[in-house]
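The primary structure of each chain is shown beneath.
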Amino acid sequence: MAHHQTYGQYKIDQLPPSTLKQAQNYKTLFNSLDTSILNPDIKLEESTTGVGILNKDGITYTKEIYRIDEFPKDEEQFVQNIGDTDTSLVSIDGEAPVSYEEEQNLTQTGGVKMPAQRNYNVNFATDFVITQLNNNFNSNFYQRFTGPQNVYPGFSFYIKYGMSDLFEDYRLVGGFRLGFNLNNNNYLLYYENIKRRFDKRITLERQVQEGTNGFSLVKLKSHQISFELKYPLSEVARVESRVFYRLDNTTTLSTDNFNLRVPDRYSNTLGLKLAFVFDNTISKGLNLYNGWRMKFWGEYYFEPEVKNGTDGIKFNPIAANSDIFVVGFDVRQYLKVHRDIILAFRVAGNTSFGSRKLIHYLGGTDNWLIGRKTNLATPIDFSQNYFYQTTATPLRGFFINSRNGASMAVANVELRWPIFKYFINSPIKSDFIKNFQLIGFSDIGSAWNGPSPYSEENKFNERVINHNPFTITVDSNRDPVIYGYGFGLRTRLLGYFMRASWAWGVDDGIVLPVVFYFSLSLDF
């Protein structure tokens with residue numbers, strides 16, 4: 001019958017500080033034991049019970065695993081348990097014995113054996129889910145030029161879902177927007193890598209829009225893939241760049257025999273955007289900030305050309321008369337007036353030039369839901385060869401397209417007063433009451449063609465009357481700069497930041513009737 005001897009095993013990296021001294025004493029006992037009873041060819045086996053077994057000359061030496069609360073209370077009992085145990089093999093980490101030399105090295109490092117490095121497996125989990133109703137295209141690109149009546153898609157449902165890994169190094173986001181008419185839709189998918197200092201993003205977007213173009217009904221399908229890099233210069237500033245490819249498909253719907261014969265049109269566009277962003281604002285509440293925000297950007301668009309001629313296929317990297325240059329800025333400052341009262345300023349401008357241009361429709365406000373109107377009486381100068389379109393907002397007191405052109409500039413000022421939060425010094429439980437704000441504002445701006453709003457190239461004052469055999473051009477000589485003023489109410493209800501505004505516009509010195517705006521958006 002084999003003789004069994006046991007010795008204790010301890011796990012240094014699991015000991016509390018109060019037990020480390022006792023454990024070091026146990027190690028000293030291990031190191032001082034006589035190793036002459038064992039040969040170096042002793043082999044370690046694993047029993048089915050998880051207890052190590054040392055075999056030598058028919059004698060089996062077992063090792064028992066001591067938990068912290070099972071340590072012998074004194075060294076004599078510990079030595080008695082050890083008996084004639086081999087000290088050439090000492091287990092410290094509770095998984096496998098180590099050699100005496102390795103144990104000495106562990107003693108020099110505080111008796112701690114570092115665990116083996118394990119690979120980090122990326123595991124994504126839900127980061128955010130956004131569901132909302134809005135009236136905006138959520139694409140990150142300009143619309144094709146189809147007229148001011150098509151700048152908003154109509155009331156729609158928008159959902160956005162984001163996932164990120166445990167360390168938030170990688171992010172995957174998808175979303176879609178469905179118009180209530182099921183015609184104006186958006187789809188979005190992007191992957192973001194923010195593990196290093198360079199933030200990288202790949203984005204896929206699709207936008208479907210149905211609208212009118214003259215007397216025809218058209219459907220425009222736009223697809224864009226982009227790659228974006230962001231590099232932080234400091235905690236509050238960064239530079240960013242974006243390259244992209246865009247495909248536009250314009251289909252004239254067959255409402256009559258003439259439109260039935262109109263072929264589809266395709267446009268392939270490549271582009272580059274560079275921007276500098278600065279933001280040191282500190283949030284003092286919902287839509288209440290202190291500090292500065294600013295952004296400066298430049299964009300370049302061009303269309304490559306592929307021709308299939310008698311000499312074969314010819315490729316021209318930049319087609320003639322296809323380039324667009326866009327330069328713009330947006331600067332905002334938020335000043336504390338008293339306690340939670342904030343005075344906000346904004347100055348923004350944008351201009352386009354080149355063979356093709358971007359048209360700006362001045363007037364209205366962002367995400368205008370109720371009472372939205374478009375001023376179709378303002379003429380558009382088609383000789384400018386507009387290719388894309390966008391809005392220039394806010395300029396309250398006016399309808400969309402009160403002025404238009406390849407250049408625009410606006411300035412805004414708002415006094416934001418959270419009236420209940422200002423007077424109530426105790427915590428407010430109601431989200432509606434806490435974020436209720438009274439707003440006073442004033443806007444001024446213009447959109448034009450040529451070097452300035454007063455340039456002769458600016459055609460918004462001209463009205464052409466064709467009366468055969470005569471053509472009469474009437475110049476109304478109105479002031480190209482318009483401004484408005486008014487007041488508004490702001491609060492958050494059902495998770496939406498709702499804005500109701502009443503504004504009066506001043507056009508060429510004449511005060512226009514009040515215009516009501518109801519919108520869902522933050523800031524100006």
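A brief structural summary. (Residues numbered from 1 in each chain as written. Predicted model: local features only at pLDDT ≥ 70, side-chain atom pairs only at ≥ 80, totals over all residues. Heavy atoms only, no water.)

So, on to the overall build of the protein. Counting its regular elements, the protein contains six helices and 33 strands. When the 524 residues of the protein are sorted by exposure, 43% land in the buried category. Expressed as a percentage of contacts within the protein between residues at least 6 apart in sequence, the contacts between residues at least 24 apart total 63%. About 28400 Å² of surface is accessible on the protein, with carbon and sulfur atoms providing 57% of the total. (Helix = DSSP H or I, 4+ residues; strand = E, 2+ residues; numbered from the N terminus. Buried < 20%, exposed > 50% of the residue type's maximum accessible area, 1.4 Å probe, protein only. Contact = heavy atoms within 4.5 Å. Areas by Shrake-Rupley, 256 points an atom, 1.4 Å probe, with all protein chains shown as cover.)

Now for the side chain of Asp381. Summarising the element assignment, Asp381 is placed in the loop between strand E23 (368-370) and strand E24 (386-392). There is a polar contact of 2.5 Å between the side chain of Asp381 and the side chain of Ser383. Reaching out from Asp381, the side chain makes a polar contact with the side chain of Gln384 at a distance of 3.2 Å. (Polar contact = N/O pair within 3.5 Å; in protein donor to acceptor, adjacent residues only side chain to side chain.)

Turning our attention to the nonpolar core. Judged by nonpolar contacts, the single largest core of 14 residues is most densely connected at Tyr361 and Ile400. Elements with a contribution of two residues or more to this core: strand E22 (357-362), strand E27 (437-448) and strand E33 (515-520). Listed in part, the 10 residues of the second largest apolar core include Tyr142, Val326, Leu358 and Tyr388. (Core = buried A, V, L, I, M, F, W, Y, C linked by side-chain atoms within 4.5 Å.)

Looking at chain direction, strand E17 (residues 288-302) and strand E20 (residues 324-338) are connected through 11 bridges and run antiparallel. What sits directly across from Phe296, in E20, is Phe329. Judged from the 14 bridges that link them, E20 and strand E21 (residues 341-354) form a sheet pairing that is antiparallel. Among the inter-strand pairings, Gly328 is bridged to a residue of E21, identified as Asn350. (Pairing = 2+ DSSP bridges.)

What follows deals with the sheet that holds E22. Spatial strand order, E8-E24-E22-E25: four strands in an open sheet with mixed pairing. Lying at the two open borders of the sheet, with one neighbouring strand each, are strand E8 (143-144) and strand E25 (403-405). As paired elements, E8 and E24 share two bridges and run antiparallel to each other. Pairing of Gln143 across the sheet is with Gln389, part of E24.

In this section: the packing of aromatic side chains. By the definition in use, this model includes 23 aromatic pairs. Ring pairs connect the aromatic residues Tyr142, Phe244, Tyr301, Phe387 and Tyr388, which therefore count as one cluster. Over the ring of Tyr190 we find Arg201, and its NZ or CZ is 3.9 Å from the ring centre. Here the guanidinium or amino end of Arg339 rests over the ring plane of Tyr422, the centre of that ring lying 4.9 Å away. (Phe/Tyr/Trp six-rings, centres within 6.5 Å; stacked < 30°, edge-to-face > 60°. Lys NZ or Arg CZ within 6 Å of the ring centre and 35° of its normal.)

Quick look at the pattern of salt bridges now. Charged atoms that come close allow side chains of opposite charge to pair. According to the stated counting rule, one finds 21 salt bridges in the structure shown. The salt bridge involving Asp127 is made with Arg171; its shortest N-O contact spans 3.6 Å. Note that Asp127 is positioned in strand E7 (residues 125-134) and Arg171 in strand E10 (residues 170-179), a separation of 44 residues in sequence. Classification of Asp127 as partly exposed rests on a relative accessible area of 33%. Notably, a salt bridge pairs Arg332 with Asp330, separated by 3.1 Å at the nearest N-O pair. The pair Arg332 / Asp330 is uniform in exposure class, with both members buried. Within this structure, Asp279, Arg293, Asp330, Arg332, Arg346, Arg396, Glu414, Arg416, Asp443 and Asp523 form a network of salt bridges that share partners. (Salt bridge = Lys/Arg side-chain N within 4 Å of Asp/Glu carboxyl O.)

It is worth spelling out the environment of Phe215 at this point. The topology assignment puts Phe215 in the loop between strand E12 (199-213) and strand E13 (216-232). Sequence separation of Phe215 and Asn259 is 44 residues, and the distance between their C-alpha atoms is 9.8 Å.

Further remarks concern unusual backbone geometry. A cis amide bond links Thr393 with the next residue in sequence, Pro394, at an omega value of -5°. Assignment of secondary structure puts Pro394 in the loop between E24 and E25. We note that Glu168 has phi near 55°; this positive angle belongs to a residue other than glycine. Along the polypeptide, Glu168 turns up in the loop between strand E9 (156-164) and E10. Residue Glu168 is classed as partly exposed on the basis of its relative accessible area of 45%. In this model, Arg339 sits at a positive phi of 55°, which is unusual for a non-glycine residue. As for its placement among the helices and strands, Arg339 is situated in the loop between E20 and E21. Of the residues examined, Arg339 reaches a relative accessible area of 38% and is grouped as partly exposed.

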